[in-house]
Amino acid sequence: MRALVIAIAIVLPLVASAQRIDDARARFEEGQRLYEAGKFEDAIAAFEAAYKAKPHPNVLYNIGQAYERLLDYPSSVRFFERYLAETAPTAEFRNIVENRLRVLHNLPGRVSVVTFPEKVTATFVAQDKSNAVVEESGVTPKVFRLAPGDYTLRLEAPGLETE
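Calculation rules
- Within any chain, residue numbers begin from 1 and follow the written order of that chain's sequence.
- Note on the predicted model: pLDDT of at least 70 is required for a residue's local features to be given, and 80 or more for side-chain atom pairs to be given and counted; whole-chain, interface and lining totals, by contrast, use all residues.
- As a convention, hydrogens and water are excluded, and side-chain values are obtained from all of the structure's heavy atoms.
- The numbering of helices and of strands both runs from the N terminus, where a helix is a DSSP run of H or I of at least 4 residues and a strand a run of E of at least 2.
- Each residue after the first adds 1.5 Å to the expected span of a helix.
- Burial classification: accessible surface area is computed with a 1.4 Å probe over protein chains only, and a residue below 20% of its type maximum counts as buried, one above 50% as exposed, and the rest as partly exposed.
- Only buried residues count toward a nonpolar core. Its members are Ala, Val, Leu, Ile, Met, Phe, Trp, Tyr and Cys residues joined through side-chain atoms within 4.5 Å.
- In this analysis, strands are considered paired if DSSP registers two or more bridges between them.
- Axes here refer to lines fitted to C-alpha atoms; in helices the fit is confined to the stretch in contact. Angles between the N-to-C directions go from 0 to 180 degrees.

1. Points about helix H2 (residues 40-53)
Move 1: Between the first and last C-alpha of H2 there are 20 Å, a value that for 14 residues agrees with the 20 Å anticipated at 1.5 Å per step.
Move 2: Every buried residue of H2 is listed here: Phe-40, Ala-43, Ile-44, Ala-46, Phe-47, Ala-50, Tyr-51 and Ala-53.

Shown next, in the form of structure tokens:
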């Protein structure tokens, strides 16, 4: 009887582990199919379920790619950085992820400025790497495309008083 209890105690965790691996594989394959079909949000959900069932850094890579396809760059960066944190320096996709992160970190941002009243001159002011002052101006409402960096926003219009 005691040998049977020990055998059950050893076998049950192995069966549960095999089921988790099978579930993770099925979810991962579902995520790949959804990704290939252009259903990136659904692919992310499937990849996240796969990762939850059996964490593996390559799943984080796939989630990062799906977020990048959705143009959700902050989420893409977050998952690519997690991939790098969980992999060895010789990992399969490491160079690709490092290159993608360099590109993503240097993408221009889009800032929409809407004012009431409209027709206010909005100016973003920053210093570039050589300490030269860079200004980008436009009349509201306007969407600005700005390089990465720290900016001050200045609003000006006849009769507009600043605090």
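2. Topic: the nonpolar core
Move 1: One finds Tyr-61, Ile-63, Phe-80, Tyr-83, Val-97 and Leu-101 to be the most contacted residues of the largest nonpolar core, which totals 24 residues.
Move 2: Of all the secondary structure elements, the ones that give two or more residues to this core are helix H1 (2-36), H2, helix H3 (57-69), helix H4 (73-86) and helix H5 (94-105).

3. Here's the deal with the sheet that holds strand E5 (residues 152-156)
Move 1: With respect to topology, three strands assemble into an open sheet ordered E3-E2-E5, the strand pairing being antiparallel. Since the sheet does not close on itself, it has two edges, and those belong to strand E3 (133-139) and E5, each with one partner. This sheet shows a mean twist of 20 degrees between the axes of neighbouring strands, independent of strand direction.
Move 2: Pairing of strand E2 (residues 121-127) with E3 involves seven bridges; the strand directions are antiparallel. Its bridge partner being in E3, Ala-126 is matched across the sheet by Val-134.

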